[in-house]
Amino acid sequence: MEIRSPAFFIGNTIPFKYTCDGDNVSPPLQWEDPPSETKSFALIVDDPDAPNGTFTHWLVYNIPPDCRDFPEDVGGKQPKIPSGSLQGKNSFGELGYGGPCPPPQHGAHRYFFRLFALNQWLDVPVGADTQQLLDAIEGSVIDKAELMGRYARETED
């Protein structure tokens, strides 16, 4: 299974538009070649370089098995996620996508877009946190794909 974005290449800078400094909209994502037995997908976007431990930027789960892409801004304040999909709470304490926003003095952080193919539909409520989602997918992951982008904020002189 593979996940990519037409907005940035693996390991490259996430465009300004998709960050807290820009429009703060979710980037377009595309994936392909999931296992045939996939019943749903889950997406976790996080920053392991955050000063206080891993910071979650987006949680989406119960993504239908026939879904293969998210258009730009699918995780916004008025979400356009596929029917049946649910969003969890990010580390900003909100539902939906919250763009990269590292402290300016910290340099570039890595942002991982991890897509999990699952062998079940999850019984997890809207607004779940990262740990609830990780607990729910444990033992159900049949494949995983990862896309990593970087972002650094300008420092003020």
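Residues numbered from 1 in each chain as written. Predicted model: local features only at pLDDT ≥ 70, side-chain atom pairs only at ≥ 80, totals over all residues. Heavy atoms only, no water.

**Observations concerning the state of the cysteines**
Under the definition given, this model contains one disulfide. The side chain of Cys20 participates in a disulfide bridge whose partner is Cys101; the two sulfur atoms lie 2.1 Å from each other. Taking the sign of the torsion about the S-S bond as the criterion, the disulfide between Cys20 and Cys101, at about 80°, is right-handed. Taken together, the residues Cys20 in the loop between strand S1 (2–4) and strand S2 (29–32) and Cys101 in the loop between strand S6 (86–87) and strand S7 (109–118) connect sequence positions 81 residues apart. (Disulfide = S-S within 2.5 Å. Helix = DSSP H or I, 4+ residues; strand = E, 2+ residues; numbered from the N terminus.)

**Observations concerning the pattern of salt bridges**
Counting across every chain of the model gives seven salt bridges. One salt bridge in this structure joins Glu72 and Lys17, with 2.9 Å as the shortest N-O distance. Here Lys17 lies in the loop between S1 and S2 and Glu72 lies in the loop between strand S5 (69–70) and S6, a separation of 55 residues in the sequence. In this structure, Asp46 engages Arg114 in a salt bridge whose closest nitrogen and oxygen atoms are separated by 2.6 Å. One end of the pair, Asp46, is in strand S3 (residues 40–47); the other, Arg114, is in strand S7, and 68 residues separate them in sequence. Accessibility assignment for this pair places Asp46 and Arg114 in one class, buried. When salt bridges that share partners are traced, they join Glu2, Arg4 and Glu32 into one network. (Salt bridge = Lys/Arg side-chain N within 4 Å of Asp/Glu carboxyl O. Buried < 20%, exposed > 50% of the residue type's maximum accessible area, 1.4 Å probe, protein only.)

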